[in-house]
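For reference, the chains in residue letters:
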Amino acid sequence: MKIAAVEVVVTCPGRNFVTLRVTTEDGITGLGDATLNGRELAVEAYLREHVVPLLVGRDASAIEDTWQYLYRGAYWRRGPVTMAAIAAVDTALWDIKARAAGMPLYQLLGGACRVGALAYGHASGRDLPELFDSIRLHLELGFRAIRVQTGIPGLATVYGVAASAAGGGDRYDYEPARPTASPVEESWDTRAYLRHVPSVFEAVRSEFGPELPLLHDGHHRMTPIEAARLGKALEPYDLFWLEDATPGEDQAALRLIRQHTTTPLAIGEVFNSVHDYTTLLSERLIDYVRSAVTHTGGVTALKKVLDFAAVYGVKSGMHGPTDISPVGMAAALHLDLAVHNFGIQEYMPHSAETLEVFRTSYTFTDGLLHPSDAPGLGVELDVDAAARFPYRAAYLPVNRLADGTLHDW
């Protein structure tokens, strides 16, 4: 099967997505997600100018060779833009191969290891009553595991907390990059955060009992010793994991955190290569791999990362917010079903507008996600619908401390 045509589609049905559509001479079409939140046009240009011209005429079935060709053919390897572009090509080729075979992708990856992927939802609130309402809503929706994020006394806005005021006073319930000409600046106070969060989990456990799996995202805001302190303080509340406690660039930080707490650790949503994980996995410094198919070189690369993680008893916990398109989400679900060391899947339902553009067949039932048994990924792109939602510049917020210093968000 030779590749006959390749298109890059940028659309903004509530938020921006970059989708690669690859078509073979036989008329089989595959989709790949290349969305890079807040830097979408960089990936679009990389694909359009540097990758698409290399694909037409190549064998669509030669997935591994094409991956290596795109990775090794660029002297400047890795990085989020390059790896998101490679991921889109790789995922689209897997979609084509599975469609040609007439079976869902997970069957080509070795078949299902489970009936569905346990998913966690995002509950949050500016105060405890609002947080409790959000948790109850997620439980009513069928979630069996809940990520808990909370407002902090004295801070007007906290990234990741639904109903916090956005740049223009609007709500942002789905953590989007906000449509502004530059990032909105928010205030941050780590000491107030460290004081408040343990009391929140104490209250949540008291209200909802000991059995409900609870997760928390630190959004890279802490130093190693601050993260160690928080992990220790949260031990009585039996977290499923503490995520992104420190900036992802500092691998050694996880050694210090691990020395001081038994709270399970998850990291990796900002990683884009197995090389980001080698120390963390071989020294067992983390418990969950948080990468997304979209940002880590596609199905081919992320399956290798997870196979490597399995050697050290580390499980998957793939990134799955709404800045991963339904194409990227479906790819993750096929991997979730196929890998033995699955842990949990992040899941934020996409907006109705997004689902006009991307017609999905995956399901969420009784806390479990399933990618469906449709051939390929099980997602179709409506190009006409995509054209109705043109790109809008949008950025994630940044944080400043009280003295004006920029801080991780």
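This one's a predicted model, so the numbers in the text were calculated from it and none came from an experiment.

Looking at helix H10 (residues 298–311)
And then number 1: The terminal C-alpha atoms of H10, which comprises 14 residues, lie 21 Å apart, in line with the 20 Å expected from a rise of 1.5 Å per residue.
And then number 2: Along H10, the positions that sit buried rather than exposed are Gly298, Val299, Thr300, Ala301, Leu302, Val305, Leu306 and Ala309.
And then number 3: Taken from the residues just after H10, Gly313 is the one with a positive phi, measuring 75 degrees.

Considering the pattern of salt bridges
Any two side chains of opposite charge can pair, so long as their charged atoms come close to each other.
And then number 1: In total, this model carries 22 salt bridges according to the counting rule given.
And then number 2: Across the pair Arg48 and Glu44 runs a salt bridge whose closest N-O atoms are separated by 2.6 Å. Here Glu44 and Arg48 lie together in helix H1 (residues 40–55), a separation of four residues that amounts to about one turn.
And then number 3: The exposure class assigned to Arg48 is partly exposed, which follows from its relative accessible area of 38%.
And then number 4: Judged by its relative accessible area of 18%, Glu44 falls in the buried class.
And then number 5: Across the pair Asp307 and Lys303 runs a salt bridge, and its minimum N-O distance is 3.2 Å. With a gap of four residues between them, Asp307 and Lys303 both fall in helix H10, about one helical turn apart.
And then number 6: A single network of salt bridges, built from pairs that share partners, joins Glu243, Glu269, Arg290 and Glu346.

Quick look at the domain arrangement of the protein chain
It is common to give the size of an interface as the accessible area that goes away when the parts come together.
And then number 1: With domains assigned, the protein chain is organised as domain 1 (2–104) and domain 2 (109–373).
And then number 2: Using only C-alpha atoms to locate each centre, domain 1 and domain 2 end up separated by 26 Å.
And then number 3: With 29 residues of domain 1 in contact, the opposing surface of domain 2 contributes 35 residues.
And then number 4: Interface area, domain 1 with domain 2, both sides summed: about 2,300 Å², of which 57% is carbon and sulfur.
And then number 5: Joining domain 1 to domain 2, the criterion identifies two salt bridges.
And then number 6: Counting every contact that joins domain 1 to domain 2 gives 14 residue pairs in polar contact (both at pLDDT 80 or more).
And then number 7: Looking at the side of domain 1 that touches domain 2, the elements that each hand over two or more residues are strand S2 (17–24), strand S3 (29–33), helix H2 (63–72) and helix H3 (80–101).
And then number 8: Of the residues that constitute the side of domain 1 that touches domain 2, the class distribution is 15 nonpolar, nine polar and five charged.

Regarding the nonpolar core
And then number 1: If you look at the biggest cluster of nonpolar residues, it comprises 112 residues, and the most contacted ones within it are Leu20, Leu47, Ile135, Val148 and Val204.
And then number 2: Sort the elements by how many residues they give to this core and H3 lands first, with 11 residues.
And then number 3: The residue makeup of this core includes at least three contributed by each of domain 1 (2–104) and domain 2 (109–373).
And then number 4: One finds Phe240, Trp241, Ala266 and Ile344 within the second-largest nonpolar core, a separate group that totals eight residues.

Here's the deal with the sheet that holds S2
And then number 1: Strand order across the open sheet formed by three strands is S1-S2-S3, with antiparallel pairing between neighbours. Each edge of the open sheet is held by one strand with a lone partner, namely strand S1 (3–11) and S3. Adjacent strand axes in the sheet meet at a mean angle of 20 degrees when their direction is disregarded.
And then number 2: The pairing of S1 with S2 spans eight bridges and is antiparallel. Among the inter-strand pairings, Ile3 is bridged to a residue of S2, identified as Thr24.

Points about the packing of aromatic side chains
And then number 1: One pass over the structure, following the stated rule, counts 14 aromatic pairs.
And then number 2: Ring geometry for Tyr75 versus Trp76: centroids 5.0 Å apart, planes at 90 degrees, classification edge-to-face. Considered together, Tyr75 and Trp76 belong to a single accessibility category, that of exposed residues.
And then number 3: Where Phe143 meets Phe364, the ring centres are 4.6 Å apart and the plane angle is 35 degrees; that geometry is what we call tilted. A residue pair is termed long-range when its members are at least 10 positions apart, and Phe143 in the loop between helix H5 (128–140) and strand S5 (145–150) and Phe364 in strand S14 (residues 363–365) qualify at 221 residues.
And then number 4: Through a chain of ring-to-ring contacts, the aromatic side chains of Tyr120, Phe240, Trp241 and Tyr288 assemble into a single cluster.
And then number 5: A cation sits over an aromatic face here: Arg58 above Tyr69, 4.1 Å from the ring centre.

The rules behind each value
Residues numbered from 1 in each chain as written. Predicted model: local features only at pLDDT ≥ 70, side-chain atom pairs only at ≥ 80, totals over all residues. Heavy atoms only, no water. Helix = DSSP H or I, 4+ residues; strand = E, 2+ residues; numbered from the N terminus. Expected span 1.5 Å × (residues − 1). Buried < 20%, exposed > 50% of the residue type's maximum accessible area, 1.4 Å probe, protein only. Salt bridge = Lys/Arg side-chain N within 4 Å of Asp/Glu carboxyl O. Domains from an automatic or database assignment. Contact = heavy atoms within 4.5 Å. Buried area = accessible area lost by both parts, 1.4 Å probe. Polar contact = N/O pair within 3.5 Å; in protein donor to acceptor, adjacent residues only side chain to side chain. Nonpolar A, V, L, I, M, F, W, Y, C, P; charged D, E, K, R; others polar. Core = buried A, V, L, I, M, F, W, Y, C linked by side-chain atoms within 4.5 Å. Pairing = 2+ DSSP bridges. Axes fitted to C-alpha atoms, helices over the stretch in contact; angles between N-to-C directions. Phe/Tyr/Trp six-rings, centres within 6.5 Å; stacked < 30°, edge-to-face > 60°. Lys NZ or Arg CZ within 6 Å of the ring centre and 35° of its normal.

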